[in-house]
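Summary of the model geometry
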Amino acid sequence: MAHTAWALIPPLITVVLAMVTKEVYSALIIGVFAGALLFTGFDFLGSINTMFSIITTAIGENAFLLVFLVLLGIFVSMINKSGASQAYGEWAAKAIKGKRMAMLITMLLGVIIFIDDYFNCLTVGTVMRPVTDKFHITRAKLAYVIDATAAPVCILAPVSSWAAAVASSFPEGSGVDGFSLFVHTVPLNLYAWLTLFFMLFMIWSGKDYSKMKALEEKERNELYISTEPVEEESVTKPEGNGTIIDLILPLFVLIGFCIFGMLYTGGILNGVSVGQAFSQCDSMRGLVIGAFAALLITMFWYLPRKVLGFEPLCKCYIEGFKSMTPAILLLALAWGLAGVCSSEFMDLGGYIGALVRGNTTIMTLLPTLFFLVALILSFSTGSSWGTFGILIPIVVAVVGTQDINFLTITVAAVLSGSVAGDHMSPIADTTIMASAGAQCHHIDHVSTQLPYALTVIAACVIGYLAAGFTDSEIIGIVAGFGALIIEEIYLYKFKMS
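This report concerns the structure included in the present document. (Residues numbered from 1 in each chain as written. Predicted model: local features only at pLDDT ≥ 70, side-chain atom pairs only at ≥ 80, totals over all residues. Heavy atoms only, no water.)

**Some thoughts on helix H12 (residues 190–205)**
In plain terms, the rule: Numbering of helices and strands runs from the N terminus; a helix is a DSSP stretch of H or I covering at least four residues, while a strand is a stretch of E covering at least two. Here a helix's expected span is defined as the number of its residues, less one, multiplied by 1.5 Å. Partly exposed residues are those whose accessible area sits between 20% and 50% of the maximum for their type, while under 20% is buried and over 50% is exposed, using a 1.4 Å probe and protein chains only. Note on contacts: a residue pair is in contact if any heavy atoms of the two residues lie within 4.5 Å.
An ideal rise of 1.5 Å per residue puts 22 Å on 16 residues; H12 measures up with 22 Å between its terminal C-alpha atoms. By the criterion of burial, H12 is predominantly enclosed, with twelve of the 16 residues buried. Within the sequence span of H12, burial applies to Leu190, Tyr191, Ala192, Leu194, Thr195, Leu196, Phe198, Met199, Phe201, Met202, Ile203 and Ser205. Buried residues along H12 sit in contact with helix H6 (98–112), helix H8 (139–148), helix H9 (151–154), helix H21 (404–424), helix H23 (442–470) and helix H24 (473–495). Positive phi appears at Gly206, one or two residues downstream of H12, with a value of about 70°.

Spelled out as structure tokens, the structure:
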């Protein structure tokens, strides 16, 4: 059943069950197990063995990410327990005037932290959640802004872990400089640019539509913040006398050391350039180095000044770990689904790739076709990196390297579709961590974000159709932005009133 339409079953089961039951853990478990059953020919014991082999292998391969999440959870717990977050929240409630300003600052912070999407999701949520809570902005709205400034921003930054991943996806011997071509795709990465433009429109209008509008109205009527209340014992209660500087300084230290950690793993101390260090860095290892260094410095910043006592500080280890447990479980199960769909098992990517190769006769439609295929594959697997890793070699084989301009347009469409699918997918790492960063019910985040993402995707389709027919990046960009502006005018007049 591998490399056939049956490979679509595991992600479809997962997505449908998650939407129907509004419970993602069971949906993921059932989806992964269904994939294992199909792969083993319905061998029950063999399926269990396969399922947990995939999950444990994925955990081992992503151990640095899990360690980073735990360290960041401890770091956040330490700041909260010190009272620094509360002090910042009280100050921000006075300094930030209204919802629009709070949302705009949240967006700007997400854009500034472009170095890595995981780091972005959790840091922005930690810093801005007290502020958005003060203005009764729903956690779902906060999660949307966090998610929309994670992958869509990182995919535009040449100095990021994403640039390295894209550059490494180009096959050896193709004669294409992967990093240089990535830089050329940035202007035509329509989903990323249009998402940022759309978010500015949403902030300016101060209104919402579809599921998000319903939640915002519920918040106004019931002072709603999240449909998943945090249990009292899991809340980190302030026990220190921290001030705003006790929040800002540790965050700057964290950001600085995480960037340096990535450069360090890329060989910056061995004399390589900054760009080369970023392009060959081990981002997860670098983030662990940065997070641990920041944790140590914060401890030595707090203890001598008696901002936080030794005993309450030690409690942060357990509380921080507990706060990350739901995200870690979701990630492990999501990796299990991605694993059972991989080329070693059901080979979902190979099946979709074969479909793409069978539709190469109409060259002008290739950018749009690859955008949609990348979107479906990324949504199904929850992995944008895996998606462009599968599709970019196919693009190079199909389009060739003679017409670099058309190759750039088509690769940009793949990257754009990969980010779009990842942004919508309930099993994507960044979607899960945006929910964790905002402390929002995961299904709330997915269901409210989906209509917004689909609005932007519709404009992207117009843009890539125009770019494909004209072989012009500029026309594609203008068409995409023009389509989104028309959509925004319609929404403002008829859906947001």
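Structure's up, so let's keep going.
**Focus: the pattern of salt bridges**
Definition in use: A side-chain nitrogen of Lys or Arg and a carboxyl oxygen of Asp or Glu constitute a salt bridge if their distance falls within 4 Å.
Counting across every chain of the model gives five salt bridges. Its salt-bridge partner being Asp133, residue Arg139 comes within 2.6 Å of it at the nearest N-O pair. Here Arg139 falls in the buried class, since its relative accessible area comes to 10%. A salt bridge links Arg305 to Asp246, with the shortest nitrogen-to-oxygen separation between them at 2.8 Å. Of the two residues, Arg305 sits in the loop between helix H16 (283–302) and helix H17 (310–340) while Asp246 sits in helix H14 (residues 245–265), which places them 59 residues apart along the sequence. Since its relative accessible area comes to 1%, Asp246 is described here as buried.

**A closer look at the environment of Val153**
Within the element layout of this structure, Val153 appears in helix H9. As a C-alpha pair, Val153 and Ile112 span 41 residues in sequence and 9.0 Å in three-dimensional space.

**Observations regarding the packing of H8 against H12**
Heads up, the rule is: To obtain each axis, a line is fitted to C-alpha atoms, and for helices this fit is confined to the stretch in contact; angles are then taken between N-to-C directions over 0 to 180 degrees. By convention the crossing between two helices is left-handed if the near helix lies anticlockwise of the far one by an angle smaller than a right angle, and right-handed if it lies clockwise. Residues were grouped as follows: Ala, Val, Leu, Ile, Met, Phe, Trp, Tyr, Cys and Pro as nonpolar; Asp, Glu, Lys and Arg as charged; and all remaining residues, including Gly, as polar.
Here H8 crosses H12 at 150°, and the two axes come no closer than 10 Å. At the point where H8 passes H12, the crossing takes the left-handed sense. Contacts between H8 and H12 involve Tyr144, Val145 and Ala148 from the first element and Thr195, Leu196, Phe198 and Met199 from the second. Its residues placed into classes, the contact of H8 with H12 shows six nonpolar, one polar and no charged.

**Brief notes about the packing of H14 against H16**
In the contact formed by H14 and H16, the axes pass within 7 Å of each other and the chain directions differ by 145°. Handedness of the crossing formed by H14 with H16: right-handed.

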